[in-house]
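# Structural characterization, general
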Amino acid sequence: MRFNTSLLHGKAIQKNPQGEILPPVSQVTAFCYESMEELEKVFQHKRMGYAYTRIGNPGIAAFEQRVCELEGGAGAVATSSGMSAVALAILNVCGSGDEIVVGSGLYGGTIDLFHDLEKLGIKVHFAKDMEASSIEPLLNEHTRLIFGELISNPAQRVMDVPVLSELAHAHGIPLIVDSTTATPVIARPLLLGADIVIHSTSKYINGGGNAIGGIIVDGGKFPWDFEKHSALAEFRKYGKMAFLLRLRTDLWENLGCCMAPANAFLNSIGADTLGLRMQRICENADALAKALDGIEDIEVNYLGLPQHPCHAYVEKELNGLGGGILNFRTGSKERAFRIINSLKYALIASNIGDLRTLVIHPASTLYIRVPREEQEAAGVYEDTVRVSVGIEDKEDLIEDFIQAIERSREEQ
Ligand SMILES: *Cc1c(COP(=O)(O)O)cnc(C)c1O
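Report on the accompanying structure. (Residues numbered from 1 in each chain as written. Predicted model: local features only at pLDDT ≥ 70, side-chain atom pairs only at ≥ 80, totals over all residues. Heavy atoms only, no water.)

### Comments concerning the sheet that holds strand 12 (residues 384-388)
Note the following rule: Any two strands with at least two DSSP bridges between them are considered paired. A helix here means a DSSP run of H or I that spans at least four residues, while a strand means a run of E at least two residues long, and both kinds are numbered starting from the N terminus. Residue contacts follow a heavy-atom distance rule, with two residues in contact if any of their heavy atoms lie within 4.5 Å. Fitting a line to C-alpha atoms yields each axis, with helices limited to the stretch in contact; the angle taken between N-to-C directions then spans 0 to 180 degrees.
Pairing is mixed in the open sheet, where five strands are placed in the order 8-9-12-11-10. Where the open sheet ends on each side, the last strands, each with one partner, are strand 8 (299-301) and strand 10 (347-348). Note: strand 10 against strand 11 (residues 358-360), two bridges, orientation parallel. Bridged to Leu-347 within strand 11 is Leu-358. In the packing of helix 11 (residues 274-293) onto the sheet, the strands contacted are strand 8, strand 9 (325-329) and strand 12, and the crossing angle to strand 9 comes to about 15°.

### Some remarks on the pattern of salt bridges
Basically, it comes down to this: Within this document, salt bridges are pairs made up of a side-chain nitrogen of Lys or Arg and a carboxyl oxygen of Asp or Glu, the two lying within 4 Å of each other. Accessibility here uses a 1.4 Å probe with only protein chains present; expressed as a share of the type maximum, an area under 20% marks a residue as buried, one over 50% as exposed, and anything in between as partly exposed.
The full count for this structure, using the stated rule, is 19 salt bridges. Note that Arg-280 and Asp-393 form a salt bridge whose closest N and O atoms lie 3.5 Å from each other. Of this pair, Arg-280 sits in helix 11 while Asp-393 sits in the loop between strand 12 and helix 15 (394-410), and the two are 113 residues apart along the sequence. Residue Arg-280 is classed as partly exposed on the basis of its relative accessible area of 32%. As a salt-bridge pair, Lys-394 and Glu-283 come within 3.9 Å of each other at their nearest N and O atoms. Of the two residues, Lys-394 is situated in helix 15 and Glu-283 in helix 11; the sequence distance between them amounts to 111 residues. By relative accessible area, which is 29% here, Lys-394 ends up partly exposed. Glu-283 gets classed as partly exposed once you look at its relative accessible area, which sits at 45%. Via salt bridges that share partners, Glu-38, Lys-41 and Arg-47 belong to a single interconnected network.

### Comments concerning helix 9 (residues 242-255)
Counted only if it meets this: A helix's residues, less one, multiplied by 1.5 Å, set its expected span. Here the bend at a residue means the angle between the axes of two seven-residue stretches, the one that ends at it and the one that starts at it.
Compared with the 20 Å implied by 1.5 Å per residue over 14 residues, the 18 Å span of helix 9 between its first and last C-alpha is a close match. The sharpest bend along helix 9 reaches about 40° and sits at Arg-248. The set of residues buried in helix 9 consists of Ala-242, Phe-243, Leu-244, Arg-246, Leu-247, Asp-250, Leu-251, Trp-252 and Glu-253. Buried residues along helix 9 sit against strand 1 (75-79), helix 4 (82-91), strand 6 (196-200) and strand 7 (214-218). Gly-256 sits one or two positions beyond helix 9 and adopts a positive phi of about 70°.

### Description of the packing of helix 4 against helix 5 (residues 108-119)
Under the convention used in this document: Note on convention: the crossing is left-handed when the near helix lies turned anticlockwise from the far helix by less than a right angle, right-handed when the turn is clockwise. Three classes are used: nonpolar for Ala, Val, Leu, Ile, Met, Phe, Trp, Tyr, Cys and Pro, charged for Asp, Glu, Lys and Arg, and polar for all others, with Gly counted as polar.
The interhelical angle for the contact between helix 4 and helix 5, taken along N-to-C directions, is 35°, at an axis separation of 10 Å. Helix-helix and strand crossings are classified by hand; for helix 4 and helix 5 the assignment is right-handed. Across the interface between the two elements, Met-83, Val-86, Ala-87, Ile-90 and Leu-91 of helix 4 pack against Gly-109, Thr-110, Leu-113, Phe-114 and Leu-117 of helix 5. Of the residues in the contact of helix 4 with helix 5, the class split is eight nonpolar, two polar and no charged.

### Observations concerning the environment of Leu-303
Here Leu-303 shows up in the loop between strand 8 and helix 12 (312-316). The class of Leu-303 is buried, set by a relative accessible area of 0%. Along the primary structure Leu-303 and Leu-106 are separated by 197 residues, whereas in three dimensions their C-alpha atoms are 16 Å apart. When residues no more than four places from it in sequence are discounted, the contact partners of Leu-303 are Ile-151, Gln-156, Val-158, His-308, Cys-310, His-311, Val-314, Leu-318 and Gly-322.

### Quick look at empty space enclosed by the protein
The cut-off we apply is this: Points on a 1 Å grid over protein atoms alone make up a cavity when a 1.4 Å probe fits among them but cannot get out, and a pocket when they form an open set with protein on both sides within 12 Å along at least five of seven lines; lining residues each have an atom within 4 Å of a point. Grid points are joined across faces, edges and corners, and a volume is the space filled by probe spheres set on the points. These domain boundaries are the output of an automatic or database domain assignment.
A complete count under the given rule lists three cavities of 30 Å³ or more for this structure. Computed from the structure, the largest cavity encloses a volume of approximately 50 Å³. The class makeup of the residues in the lining of the largest cavity is two nonpolar, seven polar and no charged. When we break the lining of the largest cavity down by domain, the ones giving at least three residues each are domain 1 (3-270) and domain 2 (274-410). The wall of the second largest cavity is formed by Ser-6, Leu-7, Gly-10, Ala-12, Ile-13, Arg-66, Glu-69 and Leu-70. Secondary structure elements with two or more residues in the lining of the second largest cavity: helix 1 (3-9) and helix 3 (58-71). By residue number, the principal contributor to the lining of the second largest cavity is helix 3, which donates three residues.

This is the structure:
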């Protein structure tokens, strides 16, 4: 089965109890049983069943299984947001006194979160980039994991997953990849050697801009060393599944980070068209980037352009696709604002992965709390415009951006 067929006919979607063609929504808080003995068995994990939606819900489980299958994982836990997915994945293996090595060029919220983790006693080393040569000197006996974004947003840097997973494994630590901007259409990091994959499902997986959510997928192959990863020690009897078991029965459950059942349903519907949307979005982004690249006073950053420093990864790791996000520098913040304000179709919104093209000035919004040097390491400058390309007709998008850029010169 190829990817688009598996989206609609994979194992995970053949299991609806009454043959429903979509996973039914169990919009309930709790589940009731015939007898107290039955409910006791559910709590003892001796009988399959659900008790309380924060701990488990069939519609949420259906969505988890689906993304797990698309990523080639061993198990997945859906979360209330992408941020809770990142936070839980890290906290599941780290505590006070531990260290982590993370890429720069990360999502603004993730950078903020890492500063919060520092306040909890976790030492965070921000590598200057995701090259193995920049990461290796930061590793030591206290390092518990390496974290990065497969295609960083908006910097558009690509992680070499096979090389970095080998480096991580040589140091006895897992590689955790935030693959939000790539999606399994572009790459499946677990199959390239990564150990845990995270998505903000709010973006491309949902695709319609109608539900916040996240997911953590565990490859189930990492050989945890319970002396080093002592946070998982209590779960050592589960061996390679210790990460998933601790996550589900401990942190995720106790911090109360479940995905809402209605959101799981919206995400399942969204996932149906993931392949089709990504193909169209990447095609449009490529055409728009190439049209803007010819303009003299605009500097375009898009993976699909041959001059991009990470362009070689498009064929090597990204299934021939350059992704749906591009950004361009305009010379000044004022000009960036003028261009954004003159666009007819692109919506000014702080999101990515919608059907509609979205634009934003990241420095004054998403990165407003991130210090200037960290902004620049993330590829965010005072004059950067970020575009999340949608599925409109590419000719309209190109005409619209070109008219807005031309007008921005006249208005000066
Ligand atoms: C949006 C985003 C997040 C955070 O996800 P939310 O669903 O907004 O909490 C994390 N990582 C990346 C790469 C993102 O784009």
